[in-house]
Amino acid sequence: MTERMVEVDGIELCTESFGDPSDPPVLLIMGTGASMLWWDEDFCRTLAEGGRYVIRYDHRDTGRSTTYEPGRPGYTGADLVKDAARVLDAHQLQAAHVVGVSAGGALAQLLALDHADRVLSLVLISTSSAVLGERDLPSPTEEFMRFVSAAHVDWSDGESVIGHQVAYARVLAGGRRPFDEAAARALVRHDIERAHDFAAVRHHDALPDGDLSHASLSSIAVPTLVIHGTADPMFPLRHGQALAEQISGATLLALEDAGHGVERADWSTIAAAILEHTSADTSD
């Protein structure tokens, strides 16, 4: 693996690659507010060992990428979509298979709509429609909403932030499987220690949309796989089902009792599905 800073259009983005650059490229887009660490190294290596050139990266205001002054983000949601294309540019890739989780899945959809030539295929994990579409979708679970409304964190206190993030990870896990608190705490601590300013992730909660696509998901023409946990508390399963229905030819892989995100218990299943989905490389 090789981590390096890339600068495109005056923006510094921290990226890390795994595998042989001559293999079919897979770009991993994590949810907003989350650094690339949430794509675990072992998961990335599994994809690389399956014959893929894997790239993960830090969004702005996460990890080692460009970080803005508190309360003054210099970008929009549309810029985060363009950042994915910037990462491809920096790695001299015209296009890649794009895998997005949570809000990263929304960014992946928008990349496919507005920059179709950069996307070979889509894998959308734990996400919902990025554009106006079916509106009769279930709200987050009551437990999720209770946590969001009652949670308090002192962003100047590292231990307070760790406690909050671990508690949030527990809620996102969905409650149907054992929760590995020690692993979650170690990951969050590493994330905080690695970041320029971890509190800057709060910018992602209030970003203006910018010039986002208004196209229909039905216009996405690349092969699409939707992966969704049946216990996802943020986007209940119907969100994944609706995505698979709206994107022509899309298939749905439901993960029994899985929550929101890419859980260790599902790594082998998800990796195998991604490798199969990306096995027909259509790059130039």
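This text follows the structure it describes.
Residues numbered from 1 in each chain as written. Predicted model: local features only at pLDDT ≥ 70, side-chain atom pairs only at ≥ 80, totals over all residues. Heavy atoms only, no water.

Trainee: I keep staring at the overall build of the protein and nothing clicks. Help me out?
Mentor: For the protein, the count of helices and strands is 8 helices and 8 strands. Looking at the protein residue by residue over its 284 residues, the buried ones come to 54%. If you take every contact in the protein between residues at least 6 apart in sequence, the share linking residues at least 24 apart comes to 74%. Of the accessible surface of the protein, which amounts to about 12,500 Å², a share of 48% is contributed by carbon and sulfur atoms. Across the protein, the mean location of the 21 positive side-chain charges is 2 Å away from that of the 43 negative side-chain charges. (Helix = DSSP H or I, 4+ residues; strand = E, 2+ residues; numbered from the N terminus. Buried < 20%, exposed > 50% of the residue type's maximum accessible area, 1.4 Å probe, protein only. Contact = heavy atoms within 4.5 Å. Areas by Shrake-Rupley, 256 points an atom, 1.4 Å probe, with all protein chains shown as cover. Lys, Arg positive; Asp, Glu negative; His and termini not counted. Charge placed at Lys NZ, Arg CZ, Asp CG, Glu CD.)

Trainee: Can you help me understand the packing of helix α2 (residues 77–90) against helix α3 (residues 103–114) in this one?
Mentor: To describe two helices that pack against each other, one gives the angle between their axes and the distance between the axes. Taken N-terminus to C-terminus, the directions of α2 and α3 make an angle of 75 degrees; their axes are 9 Å apart at the nearest point. Compared by their axis directions, α2 and α3 come out roughly perpendicular. Judged by residue contacts, G77, L80, V81, A84 and A85 of α2 engage L107, L110 and L111 from α3. (Axes fitted to C-alpha atoms, helices over the stretch in contact; angles between N-to-C directions. Parallel < 35°, antiparallel > 145°, perpendicular 65-115°, else oblique.)

Trainee: What am I meant to see in the pattern of salt bridges here?
Mentor: Opposite charge on two side chains permits them to pair, given that their charged atoms come into close proximity. Under the definition given, this model contains 20 salt bridges. Here E181 makes a salt bridge to R185, at a shortest N to O gap of 3.1 Å. Within this pair, E181 and its partner R185 are both found in helix α6 (residues 181–194), separated by 4 residues, close to a single helical turn. Under the relative-accessibility criterion, E181 is labelled partly exposed at 32%. (Salt bridge = Lys/Arg side-chain N within 4 Å of Asp/Glu carboxyl O.)

Trainee: What am I meant to see in the side chain of H91 here?
Mentor: In this structure, H91 sits in the loop between α2 and β5 (96–101). There is a polar contact of 3.5 Å between the side chain of H91 and the side chain of Y53. Setting aside chain neighbours within four positions, we find H91 in contact with R4, T15, S17, Y53 and I55. (Polar contact = N/O pair within 3.5 Å; in protein donor to acceptor, adjacent residues only side chain to side chain.)

Trainee: I'm lost on the packing of helix α1 (residues 41–49) against helix α8 (residues 267–277) in this one. Help?
Mentor: The contact between α1 and α8 brings their axes to 10 Å, and the two run at 35 degrees. Note that α1 runs across α8; the crossing there is right-handed. Residues D42, F43, T46 and L47 of α1 pack against W267, I270, A271, I274 and L275 of α8. (Left-handed = near helix turned anticlockwise from the far one by under 90°.)

Trainee: What is the right way to look at the packing of aromatic side chains in this model?
Mentor: For any pair of aromatic rings, the description rests on two quantities: the centre-to-centre distance and the angle between the ring planes. Considering all chains together, one arrives at 6 aromatic pairs under this definition. Plain terms: the ring middles of W39 and F43 are 6.1 Å apart, the flat faces sit at 20 degrees to each other, and that makes the pair stacked. As far as the burial class goes, W39 and F43 line up, both buried. On the numbers, 5.6 Å between centres and 10 degrees between planes, the contact of F147 with Y168 is stacked. (Phe/Tyr/Trp six-rings, centres within 6.5 Å; stacked < 30°, edge-to-face > 60°.)

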